[in-house]
Structure formats: C-alpha cells, structure tokens
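Listed below, chain by chain, are the residues.
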Amino acid sequence: MKKSTQFAKAGEVERKWVLIDAEGATLGRLATKAAMILRGKNKPQYTPNADTGDFVVIINADKVVLTGVKADHKEYWRHSGYLGGLKFESFKEAMEKHPERVIEHAVKGMLPKTTLGRKQGMKLKVYAGAEHPHAAQNPVKIELEG
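Residues numbered from 1 in each chain as written. Predicted model: local features only at pLDDT ≥ 70, side-chain atom pairs only at ≥ 80, totals over all residues. Heavy atoms only, no water.

For the protein chain, the name recorded in an unreviewed UniProt entry is Large ribosomal subunit protein uL13, with Lancefieldella parvula as its organism. The Subunit (unreviewed entry) comment attached to the protein chain in UniProt states, word for word, "Part of the 50S ribosomal subunit." In its Sequence similarities (unreviewed entry) section, UniProt records this for the protein chain: "Belongs to the universal ribosomal protein uL13 family." (UniProt positions renumbered as here; feature names shortened; annotations may be inferred.)

This is how it looks when you write it as structure tokens:
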C-alpha cells in the first residue's frame, strides 16, 4: 500500500496563541522567530499553500534593540505618490512615535508578498507596553534564544 503525504486544509488547523516579550531582544532575530510562527514552519503539518501558523502577540515593543550602529543609520521611508513626496524617518524617531510599527514592518518584510502572506500578517499583534488585551486566549510565552 502506498502512503501519501498529508496536507493541512484551511479549516482543520488548530491555532494557538504565542506571547513573545521583546524586552532587550534584537529586532531581526525577534522578527524571524515571529515570521516563522506566523507561517507555521515550526509545526510538522506545515503546508506552503495553506495558513497553518499561530497567532503571535509581541509585548514591550518599545524596548527592542539593534546591534552595532544600526540605530543611528537605519531609515524608514514612504512615498505619497506625488512629486517630491518621499519622506524619511530614522529608527530612533520611529521608535519614539510608534514602536509597534517598527516590529510590524520587520516581520511583514519576512512574510510572502501574496494574499496568503497578508492573511498571515493579520495574526500579528504588537503592543508597546507590557499590557495586551489577549489574556483570554491564554497565550503561551516563549523565550528567544540568545
């Protein structure tokens, strides 16, 4: 008898909630771990064309760090679509104004640029402080290596 590979279907995936504390964590290492969990690559039933990932809650986003001199040189940019509409913002300015967006930007850059990737990005919840409104989901706290 020939065995076939089991593929996960959208409705039969069991989703968990994962809590990550970003205090003192390196931005890139935190983002790769979060992106891996959002895609479901840490599970044995990972399927590339199905959303098998878990929900990720990141707290203390305002305490994330960069290594070396990147904090002084890293810039975020956006364009309004008009001539001369290019706006730059340094990492330090972005962390003062909206630290949640810095982590969201890093994680979403590591997800696929498809409808599936956008759907996986919706499961990311980032909060600047230690408080989050997802206590009812009983998120499992995981530690980052390093």
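Moving on: the pairing of strand 4 (residues 86-90). Across five bridges, the pairing between strand 3 (residues 75-79) and strand 4 is antiparallel. Looking across to strand 4, one finds that Tyr76 is bridged to Glu89. (Pairing = 2+ DSSP bridges. Helix = DSSP H or I, 4+ residues; strand = E, 2+ residues; numbered from the N terminus.)

On to the nonpolar core, then. Counting residues in each nonpolar core, the largest one holds 27 residues, and the members touching the most others are Ile20, Leu27, Leu30, Val56, Ile58, Ile103 and Val107. Taken together, the elements giving at least two residues each to this core come down to strand 1 (17-21), helix 1 (27-39), strand 2 (55-59), helix 3 (91-97), helix 4 (99-108) and strand 5 (124-126). With seven residues, the single largest contributor to this core is helix 1. Once residues lying within four places of it in the same chain are set aside, the contact partners of Ile103 are Ala22, Leu27, Leu30, Ile58, Ala61, Val64 and Val126. (Core = buried A, V, L, I, M, F, W, Y, C linked by side-chain atoms within 4.5 Å. Buried < 20%, exposed > 50% of the residue type's maximum accessible area, 1.4 Å probe, protein only. Contact = heavy atoms within 4.5 Å.)

What follows covers the pattern of salt bridges. Within the structure shown, the criterion is met by six salt bridges. A salt bridge links Asp51 to Lys123, with the shortest nitrogen-to-oxygen separation between them at 2.6 Å. With Asp51 in the loop between helix 1 and strand 2 and Lys123 in the loop between helix 5 (115-121) and strand 5, the pair connects residues that are 72 residues apart, well separated along the chain. An identical accessibility class is assigned to Asp51 and Lys123; each is buried. For Asp72, the salt bridge goes to Lys92, with nearest N and O atoms at 2.8 Å. Here the residue Asp72 occupies a position in helix 2 (residues 70-73), and Lys92 occupies one in helix 3, the gap between them amounting to 20 residues. Because the salt bridges share partners, they merge into one network encompassing Arg15, Asp51 and Lys123. (Salt bridge = Lys/Arg side-chain N within 4 Å of Asp/Glu carboxyl O.)

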